[in-house]
Amino acid sequence: QVQLVESGGGLVQPGGSLRLSCVGSKSIFSINNMAWYRQAPGKERELVASITVGGSTLYADSVKGRFTISRDNAKDTMYLQMNSLKPEDTAVYYCKVYGTVPLWGQGTQVTVSS
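Residues numbered from 1 in each chain as written. Predicted model: local features only at pLDDT ≥ 70, side-chain atom pairs only at ≥ 80, totals over all residues. Heavy atoms only, no water.

**Comments concerning the environment of Gly54**
Structurally, Gly54 is set in the loop between strand S5 (46–51) and strand S6 (57–59). Owing to a relative accessible area of 75%, Gly54 belongs among the exposed residues under this scheme. A sequence separation of 22 residues divides Gly54 from Asn32, and the C-alpha atoms of the two residues are 9.5 Å apart. (Helix = DSSP H or I, 4+ residues; strand = E, 2+ residues; numbered from the N terminus. Buried < 20%, exposed > 50% of the residue type's maximum accessible area, 1.4 Å probe, protein only.)

Given below as structure tokens:
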């Protein structure tokens, strides 16, 4: 069974940086588009950034210029580099692999607070 595992979350001060990773248990990354989502307490899950098989990217307006999504198909890993973090970025971040049956990771908590 394919699994996705996120890591890299934690507590960071405003203005700080974190890099999230999403690792797949099988070689599925190279044939599917992928994305990062986040869900803050009391809010709906929202798309943060997505990346196609060909490497095209899309970002939510709220993170443009601060976050960078990337992928390493050889390592079955997707990344989210988050810079200039703000308190409103606090959320559980999930990776998603689009496919016949979309796959979700278990999430990693990101808390931005002084």
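This is not the end of the story, as more comes after the structure.
**So, the nonpolar core**
Among soluble globular proteins, nonpolar side chains are generally buried collectively. Grouped together as the largest cluster of nonpolar side chains are 28 residues, with contacts concentrated most on Trp36, Met78, Leu80, Met82 and Tyr93. Going through the elements one at a time, strand S3 (18–24), strand S4 (34–39), S5, strand S7 (67–72), strand S8 (77–82), strand S9 (91–97) and strand S11 (108–112) are the ones with two or more residues in this core. A per-element tally of this core places S9 first, with four residues. (Core = buried A, V, L, I, M, F, W, Y, C linked by side-chain atoms within 4.5 Å.)

**Side note on the pairing of S7**
Of the two faces of S7, the one holding Phe67, Ile69 and Arg71 is buried and the one holding Thr68, Ser70 and Asp72 is not buried anywhere. A loop of four residues connects S7 with S8, the two strands running antiparallel in sequence, and Asp76 in this loop sits at a positive phi of about 50°. (Pairing = 2+ DSSP bridges.)

**Let's talk about the pattern of salt bridges**
In this structure the tally under the stated criterion is four salt bridges. With its nearest N and O atoms 3.0 Å apart, the salt bridge here joins Arg38 to Asp89. With Arg38 in strand S4 and Asp89 in the loop between S8 and S9, the pair connects residues that are 51 residues apart, well separated along the chain. By relative accessible area, Arg38 is classed as buried at 6%. (Salt bridge = Lys/Arg side-chain N within 4 Å of Asp/Glu carboxyl O.)

**Remarks on the environment of Lys75**
Residue position: Lys75 is located in the loop between S7 and S8. Since its relative accessible area comes to 55%, Lys75 is described here as exposed.

**Details of unusual backbone geometry**
Glycine aside, residues mostly have negative phi angles, and peptide bonds mostly take the trans form. For Asp76, which is not a glycine, the phi torsion comes out positive at approximately 50°. Relative to the helices and strands, Asp76 is located in the loop between S7 and S8. You can call Asp76 buried: its relative accessible area is 11%.

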